[in-house]
Amino acid sequence: MRRVRLSPRGHEVAGYPAARRPGRRFWGAALALAAALASACAPQAPGPSKAAEAFRKEVLAARESLSASLTDAAANREPQAAGRILEQTCSLARESGRPFACGITVLDHHGITLASATPGAPIRRLDYSRYDVVSTALKERRVVKTKLYLQDRTALYVVAIPLERRGAAVGLLVLAFDQSDLMNRHGLTEEEFQRVDLGR
């Protein structure tokens, strides 16, 4: 005589208790549905604002225009060559109707200024290696952002971009933007500046 296993309700289902097998299916489906709904209802991470995107494009355009031509001058620590390249590039940008809206400084791999195109500022060979933004960008070979203040308390948003050759940082391209100018032109806030992704 075949021995039959009965469910609490007295029904046999393929040799297993009836209440157990359908119950597993039901709860499995319910959990899967709940997970799908939770995923669909989860708030999406906010994308970059129009101001942040405009700033990102401005930085990337400056990087594309300057990095390649300045790498050799930075690697060879040639202030005259770096200054000549900066002057020519800035002149072409003005003639095309798209002048750079930031101060531009080229540093060697020690953080010493080779050339500068900062409006109204004299070209001086200064040691910037004490700034964390410079040492971090050189050591880690990545783009680093920070906020700095001039002596008159003018706030600057600074972006340090490594100049690389064969996997080594040979210098830095430093772009300094006036905070109030960026606010007037793009509406960029400090929080947006800190969050914007400028790549490596």
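One structure accompanies this document, and this report is about it. (Residues numbered from 1 in each chain as written. Predicted model: local features only at pLDDT ≥ 70, side-chain atom pairs only at ≥ 80, totals over all residues. Heavy atoms only, no water.)

Brief notes about the side chain of threonine 71
No. 1: Looking at the secondary structure, you find threonine 71 in helix 2 (residues 50-75).
No. 2: Since its relative accessible area comes to 12%, threonine 71 is described here as buried.
No. 3: A polar side-chain atom of threonine 71 sits 2.8 Å from the main-chain carbonyl oxygen of serine 67.
No. 4: Apart from residues no more than four positions distant in its own chain, threonine 71 is found in contact with Leu163, Glu164, Arg165 and Val170. (Helix = DSSP H or I, 4+ residues; strand = E, 2+ residues; numbered from the N terminus. Buried < 20%, exposed > 50% of the residue type's maximum accessible area, 1.4 Å probe, protein only. Polar contact = N/O pair within 3.5 Å; in protein donor to acceptor, adjacent residues only side chain to side chain. Contact = heavy atoms within 4.5 Å.)

Some remarks on the pattern of salt bridges
No. 1: Summed over all chains, the structure comprises 9 salt bridges.
No. 2: Across the salt bridge formed by glutamate 53 and arginine 56, the nearest N and O atoms sit 2.8 Å from each other. Placement of both glutamate 53 and arginine 56 in helix 2 is noted, with a separation of 3 residues, approximately one turn of the helix.
No. 3: The closest approach of N and O atoms between aspartate 108 and arginine 77, which form a salt bridge, is 2.9 Å. With aspartate 108 in strand 3 (residues 103-108) and arginine 77 in the loop between helix 2 and helix 3 (79-95), this residue pair connects regions lying 31 residues apart in the sequence. (Salt bridge = Lys/Arg side-chain N within 4 Å of Asp/Glu carboxyl O.)

Points about the pairing of strand 3
No. 1: Taking burial as the measure, the 6 residues of strand 3 include 6 buried ones, the bulk of the element.
No. 2: Burial of strand 3 is two-sided: the residues Gly103, Thr105 and Leu107 facing one way and the residues Ile104, Val106 and Asp108 facing the other way are all buried.
No. 3: Sheet analysis places strand 3 next to strand 7 (residues 168-178), joined by 6 bridges and oriented antiparallel. Paired with threonine 105 across the two strands is valine 174, which belongs to strand 7.
No. 4: As paired strands, strand 3 and strand 4 (residues 113-116) are joined by 3 bridges and run antiparallel to one another. Counterpart to leucine 107 in the pairing with strand 4 is threonine 113.
No. 5: The antiparallel hairpin formed by strand 3 and strand 4 contains 4 residues in its connecting segment, where glycine 111 sits at a positive phi of about 85 degrees. (Pairing = 2+ DSSP bridges.)

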